[in-house]
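This is what each chain is made of:
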Amino acid sequence: SAVLSSTFLNEQLNVHGKIGCILSMLGSTVMVIHAPQEEEVNSLESMAEKLKDPGFIAFAMCVLVSSLLLIFVAGPRYGQSNVLVYVLVCSAIGSLSVSCVKGLGIALKELFSGKPVLKKPLGWVLLVCLVICISIQINYLNKALDIFNTSLVTPIYYVLFTTAVMMCSAILFKEWQHMVIDNIIGTISGFLTIVAGIFLLHAFRDVPFTLDLLPLFLQQGRADLQVSWRSADRHQSDQHQPLLPSEDNGCQSTEEEEVEGESM
């Protein structure tokens, strides 16, 4: 998306943004490689048991409360200046929409196998929740795209959405209970890499820095370094100067005063 937006929409990313995109892709890849295998859920009854888990209910409530705060509190204040506000809303709601999609997939599979799925209320509840979640995602993603560049919004949304979905899946399907230490370290390392990529994307978005300007920045850095060395040498030489005038300087000043008096 960043490449296409720079090609067709003339929305350029600086060097920090390009490095941030690469780090985000690498971190997401590492997280997916080390992610645990999902538990197989083959029926709506088992899916309903998963949805009734207190951990998932607490996670869903936190997502809803934080989304409402972002929409009604942070959105009017910081939505026009901070890209993370609307993108966080889309990512948090998107984690719930993926769970709804998984439940609907199970319902469709049971429907095609001849089971009376249409009489069960869980399938309809998941369908309504999916429509609501997707509507919220589309709305606030369009708002973010109207305000900020596509090359900035899409990578951040991709990273945050992937992280939120993995957190939701880990809580819903209890995948992290049987993880080995290698996968835990890999997942945490991938997440920290994603955080570094998002920081580079967001923190330096307004810095006009390109590869063409790199020699100028290097020359400026060398000049600043030379200036700092000169100032340090001057400061050091000032420190070595005597605080009181020496006797030779005193004699020389008296002789100069006598010469000036004779010339007068």
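So, how was this worked out
- Residues numbered from 1 in each chain as written.
- Predicted model: local features only at pLDDT ≥ 70, side-chain atom pairs only at ≥ 80, totals over all residues.
- Heavy atoms only, no water.
- Helix = DSSP H or I, 4+ residues; strand = E, 2+ residues; numbered from the N terminus.
- Buried < 20%, exposed > 50% of the residue type's maximum accessible area, 1.4 Å probe, protein only.
- Contact = heavy atoms within 4.5 Å.
- Areas by Shrake-Rupley, 256 points an atom, 1.4 Å probe, with all protein chains shown as cover.
- Phe/Tyr/Trp six-rings, centres within 6.5 Å; stacked < 30°, edge-to-face > 60°.
- Axes fitted to C-alpha atoms, helices over the stretch in contact; angles between N-to-C directions.
- Parallel < 35°, antiparallel > 145°, perpendicular 65-115°, else oblique.
- Left-handed = near helix turned anticlockwise from the far one by under 90°.
- Nonpolar A, V, L, I, M, F, W, Y, C, P; charged D, E, K, R; others polar.
- UniProt positions renumbered as here; feature names shortened; annotations may be inferred.
- 1 Å grid on protein atoms, 1.4 Å probe; cavity = no way out; pocket = protein on both sides within 12 Å on 5 of 7 lines; lining within 4 Å.
- Points joined across faces, edges and corners; volume = space filled by probe spheres on them.
- Expected span 1.5 Å × (residues − 1).
- Bend = angle between axes of the 7 residues up to and from the residue.

### Overview of the overall build of the chain
For step 1, the next point in the chain: Scanning the chain from terminus to terminus reveals ten helices and zero strands.
For step 2, the next point in the chain: Going from the N terminus to the C terminus, the chain shows its helices and strands as α-α-α-α-α-α-α-α-α-α.
For step 3, the next point in the chain: With 264 residues in all, the chain has 35% of them scored as buried.
For step 4, the next point in the chain: Taking all contacts inside the chain whose residues are at least 6 apart in sequence as the whole, residues at least 24 apart take part in 82%.
For step 5, the next point in the chain: For the chain, the computed accessible surface area is about 17,000 Å², with 66% contributed by carbon and sulfur atoms.

### Thoughts on the packing of aromatic side chains
For step 1, the next point in the chain: A full pass over the atoms with the stated rule returns two aromatic pairs.
For step 2, the next point in the chain: Measuring from ring centre to ring centre gives 5.6 Å for Y86 and Y140, while their planes differ by 40°; the resulting arrangement is tilted. Linking Y86 in helix α5 (residues 84-112) with Y140 in helix α6 (residues 121-147), this pair joins segments that are 54 residues apart in sequence.
For step 3, the next point in the chain: What makes Y86 buried here is its relative accessible area of 7%.

### Things to note about the environment of G55
For step 1, the next point in the chain: Positionally, G55 belongs in helix α4 (residues 54-78).
For step 2, the next point in the chain: We classify G55 as partly exposed; its relative accessible area is 32%.
For step 3, the next point in the chain: When the C-alpha positions of G55 and K174 are compared, they lie 9.6 Å apart, and in sequence the two are 119 residues distant.

### Section: the packing of helix α3 (residues 44-51) against α5
For step 1, the next point in the chain: Look at α3 against α5: their axes get within 10 Å of each other, and the N-to-C directions meet at 160°. Here α3 is positioned roughly antiparallel relative to α5, judged by the angle of their axes. Pair α3 / α5 crosses with left-handed handedness. Where α3 abuts α5, its residues L44, E45 and M47 lie against S99, G103, I106, A107 and E110.
For step 2, the next point in the chain: Tallied by class, residues from the contact of α3 with α5 come to four nonpolar, two polar and two charged.

### Looking at the UniProt feature "transmembrane region" (unreviewed entry) in the chain
For step 1, the next point in the chain: Under the present numbering, the feature "transmembrane region" (unreviewed entry) in UniProt falls on residues 15-35, 56-77, 83-101, 122-140, 152-172 and 184-204.
For step 2, the next point in the chain: Within residues 15-35, the helical portion is 95% and the strand portion 0%, while the C-alpha atoms at the span's ends are 30 Å from each other.
For step 3, the next point in the chain: Between the first and last C-alpha atoms of residues 83-101 the distance is 27 Å; the span itself is 95% helix and 0% strand.

### A few points about the packing of α5 against helix α7 (residues 150-173)
For step 1, the next point in the chain: Between α5 and α7, the shortest axis-to-axis distance is 8 Å and the interhelical angle comes to 40°. As judged from the angle between their axes, α5 and α7 are oblique. The two elements α5 and α7 meet at a crossing, and its hand is right-handed. In this structure, α5 uses L84, V87, L88, C90, S91, G94, S95, V98, S99 and K102 to contact α7, whose residues at the interface are V153, I156, Y157, L160, F161, A164, V165, C168, L172 and F173.
For step 2, the next point in the chain: For the contact of α5 with α7, the per-class residue count stands at 15 nonpolar, four polar and one charged.

### A short note on the layout of surface pockets
For step 1, the next point in the chain: Considered as a void within the structure, the largest pocket measures approximately 420 Å³ in volume.
For step 2, the next point in the chain: Contributing to the lining of the largest pocket are 20 residues, with A60, L96, C100, C129 and C133 lying nearest its centre.
For step 3, the next point in the chain: Broken down by class, the residue content of the lining of the largest pocket amounts to 18 nonpolar, two polar and no charged.

### Digging into α5
For step 1, the next point in the chain: Here α5 contains 29 residues, and its C-alpha end-to-end distance of 41 Å stays within 8% of the 42 Å for a straight helix at 1.5 Å per residue.
For step 2, the next point in the chain: Of all bends in α5, the biggest is about 25°, found at G94.

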